[in-house]
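Listed below are the residues making up each chain.
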Amino acid sequence: MAQVLHPPPERFEPITARWLVPGGPVPDPERNAVDPGHSEPVTLVGRLPRELDGTVASGEPLGPWRARRAALLVFAVVALTAMVIMGGVAGLP
């Protein structure tokens, strides 16, 4: 008789950006039945989950939070440049 066990506690490793499970990854019996050597690539079928929506690869459009951060950075650089120019003009005799 099969017994259901609680999954092992996971923790997020921020340096490698991966979830670590003590004892290695949890085995997937359905994948083991189809691909026992784990040599075939895994492909996503369907849309990405909402949690992964912010990740972008090169060439893809920026997510809303990254676009806003880029706009704020451009604004900060322009404002700093304007303040330096105004300070230089005000300092002239």
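What this report covers is the structure whose coordinates are included nearby. What you see is a predicted model, and the numbers here were worked out from it, not measured in a lab.

### Thoughts on the overall build of the chain
Check the secondary structure of the chain and you find two helices and two strands. Starting at the N terminus, the α and β elements of the chain follow one another as β-β-α-α. Considering the chain as a whole, with its 93 residues, one finds that 4% of them fall into the buried category. Surface accessibility of the chain: about 9,000 Å² in total, with carbon and sulfur atoms responsible for 67%.

### A few points about the side chain of D35
Relative to the helices and strands, D35 is located in the loop between α1 (29–34) and α2 (64–90). Among the polar contacts listed, one links the side chain of D35 to the backbone nitrogen of S39, at a separation of 3.0 Å. Polar contacts involving the side chain of D35 include one to the main-chain amide nitrogen of E40, which spans 3.0 Å.

### Things to note about a nonpolar patch on the surface
On the surface, L80, M83 and V84 cluster together into a nonpolar patch covering about 330 Å² of accessible area. Relative to the assigned elements, V84 resides in helix α2.

Thresholds, definitions, all that
- Residues numbered from 1 in each chain as written.
- Predicted model: local features only at pLDDT ≥ 70, side-chain atom pairs only at ≥ 80, totals over all residues.
- Heavy atoms only, no water.
- Helix = DSSP H or I, 4+ residues; strand = E, 2+ residues; numbered from the N terminus.
- Buried < 20%, exposed > 50% of the residue type's maximum accessible area, 1.4 Å probe, protein only.
- Areas by Shrake-Rupley, 256 points an atom, 1.4 Å probe, with all protein chains shown as cover.
- Polar contact = N/O pair within 3.5 Å; in protein donor to acceptor, adjacent residues only side chain to side chain.
- Patch = residues over 30% accessible without salt bridge, like charges linked within 9 Å, V, L, I, M, F, W, Y side chains within 5 Å.
- Salt bridge = Lys/Arg side-chain N within 4 Å of Asp/Glu carboxyl O.

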